[in-house]
Amino acid sequence: MAGIRKVDYVMSQKGTVQVFLDGYCYNKNVVRQTCIHWKCVDSTCKGRCTTVGDFIRNVSDHTHPPYMVINLVDDDARFPIPLWNHHQTAGPRTNNNLEGFHHRLNRILPHCHPNIYRFVEVIKEIVCADRTKIAQLDFVPPHPAGSEFTERLKIA
Ligand SMILES: [Zn+2]
């Protein structure tokens, strides 16, 4: 015998209450005494469930896979795996770097609509600062004579 299961309610886009159970979504069908009968949102499906209060009373089988499988997992899913899987994403996943740039730009500029000459001047300063950062990344400091690195070069 299955244990007592509590109902998970969700709100539809139309604002009606739905039951979400085992990956299937149900619309309210009929209310009889203390029971509420729900039917699958897929009108071609015979899937039904019945609730008493906030608990599941019985559930029938569906003629289709659950919502998650249809939309996210299947080969012909609505949202294919490469669209939502970010485990192999290279580079930033957020736009924090852009937000940081805009914050710095707003801090430097005196007001929302600056003089075009002041704006060009600020952009030149930003370009100069970025070139300096790039040059610093490429810079390899010289190793002092007698250091471990210099000794390794002599051996090789
Ligand atoms: Zn169904």
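Rules used throughout
Residues numbered from 1 in each chain as written. Predicted model: local features only at pLDDT ≥ 70, side-chain atom pairs only at ≥ 80, totals over all residues. Helix = DSSP H or I, 4+ residues; strand = E, 2+ residues; numbered from the N terminus. Rg over C-alpha atoms; globule rule 2.2 N^0.38 Å. Buried ≥ 20, exposed ≤ 12 C-beta atoms within 10 Å, placed from the backbone. Contact = placed C-beta atoms within 7 Å. Pairing = 2+ DSSP bridges. Axes fitted to C-alpha atoms, helices over the stretch in contact; angles between N-to-C directions. Domains from an automatic or database assignment.

Asker: Got a minute to help me understand the overall build of the protein chain in this structure?
Answerer: Secondary structure assignment for the protein chain yields five helices and six strands. Taking 156 residues into account, the globule formula puts the C-alpha radius of gyration at 15 Å, and the protein chain, at 31 Å, lies well above it. By its C-alpha atoms, the protein chain is 90 × 60 × 30 Å across when sized along the principal axes. Taking all 156 residues of the protein chain together, the buried fraction comes to 6%. In the protein chain, the proportion of contacts linking residues at least 24 apart, taken out of those at least 6 apart, comes to 22%.

Asker: Honestly, the sheet that holds strand 1 (residues 9-11) in this entry has me stumped. Any pointers?
Answerer: Whenever strands of a sheet pair, they do so through backbone hydrogen bonds, lying parallel or antiparallel. Strand order in this open sheet of six strands is 1-2-3-4-5-6, and the pairing throughout is antiparallel. Looking at which strands have only one partner, the edges of the open sheet turn out to be strand 1 and strand 6 (55-59). Direction aside, the axes of adjacent strands within the sheet are offset by 40 degrees on average. Relative to strand 3 (residues 24-32), strand 2 (residues 17-21) runs antiparallel, the two sharing four bridges. Bridge pairing in strand 3 places Leu 21 opposite Tyr 24.

Asker: What's the story with the domain arrangement of the protein chain in this structure? I'm lost.
Answerer: Interfaces are often sized by the amount of accessible area the parts lose when they come together. As assigned here, the protein chain comprises domain 1 (1-89) and domain 2 (96-138). Of note, the centres of domain 1 and domain 2, computed from C-alpha atoms alone, are 51 Å apart.

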